[in-house]
Amino acid sequence: SHTHIQAHRHAGVFVAKGKDDALVTKNMVPGDAVYGEKRISVEVQGVKTEYRVWNPFRSKVAAAILGGIDELPIKPGEKVLYLGAASGTTVSHVSDIVGPEGLVYAVEFSHRSGRDLLAVAKRRTNVVPIVEDARHPHKYRMLIGMVDCIFADVAQPDQGRIVAINAAQFLKNNGGYMISIKANCIDSTAVPEVVFAAENEKMKKEGFKPKEQLSLEPYERDHCVVVGVCRPT
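Residues numbered from 1 in each chain as written. Predicted model: local features only at pLDDT ≥ 70, side-chain atom pairs only at ≥ 80, totals over all residues. Heavy atoms only, no water.

Points about the pattern of salt bridges
In the structure shown here, the tally under the stated rule is 13 salt bridges. Put simply, arginine 124 and aspartate 96 hold a salt bridge, and the shortest N to O gap is 2.8 Å. Of this pair, arginine 124 sits in the loop between α3 (111–123) and β8 (127–130) while aspartate 96 sits in helix α2 (residues 89–98); the two residues are 28 residues apart in sequence, bridging distant segments of the chain. Two residues, aspartate 158 and arginine 135, come together in a salt bridge whose shortest N-O distance is 2.8 Å. Separated by 23 residues along the polypeptide, aspartate 158 in the loop between β9 (147–152) and α4 (159–170) and arginine 135 in the loop between β8 and β9 bring together distant segments of the chain. Among the charged side chains, a network of salt bridges with common partners joins Glu37, Arg52, Asp96 and Arg124. (Salt bridge = Lys/Arg side-chain N within 4 Å of Asp/Glu carboxyl O. Helix = DSSP H or I, 4+ residues; strand = E, 2+ residues; numbered from the N terminus.)

What follows is the structure in structure tokens.
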């Protein structure tokens, strides 16, 4: 195939240039697809590297990257606390980004999704699956060390509080955060922009400093992501 791989400006993320450009991550487990995604193998000077296509319609992080997010707090070698891991689709790409030196603590409350998440973690040594309620971080505090960054996609009305209590336990000073906010999960009667602004105000009171807010259109409706840093109040 006539595909060549270019590094994206966000470390650990790549673009496969071909007939159609695609966002990709370097597969930490070559030969293995997680959710039926397409894989691309590229040979450079006799060395084969496999990449996995990252679909923005199935991942809010991919949607944010393609939407032009300025800063991605998820970086190679870092420890990430991922709240709302679901079946591990995005978690697998975050696992690719942080790589063997990094760690992804993946928290998911639903036992059905949790089963899929456990299967992902079996093959990926840098994923620690935690099937618990993110509202009760004390239940998994023995499993998690300090993290460099928190990503949250819990789609709950009290998501801000959930992120804050986890950050208080596990996030290092000036650690990064990235949260996905679904407007109608928080208030289905209000205009999304108003909901997003109110959520940011709540987060500021908890010591979060938002740097950037980005709509996830056209990949998700009435969703935005907020990226920033957390300083203890």
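A word on the sheet that holds strand β1 (residues 4–7)
Pairing is antiparallel in the open sheet, where 5 strands are placed in the order β1-β2-β3-β5-β4. Whereas interior strands pair on both sides, the edge strands pair on one side only; in this sheet they are β1 and β4 (39–44). The mean inter-strand angle of the sheet, taken between neighbouring strand axes irrespective of direction, is 40°. (Pairing = 2+ DSSP bridges. Axes fitted to C-alpha atoms, helices over the stretch in contact; angles between N-to-C directions.)

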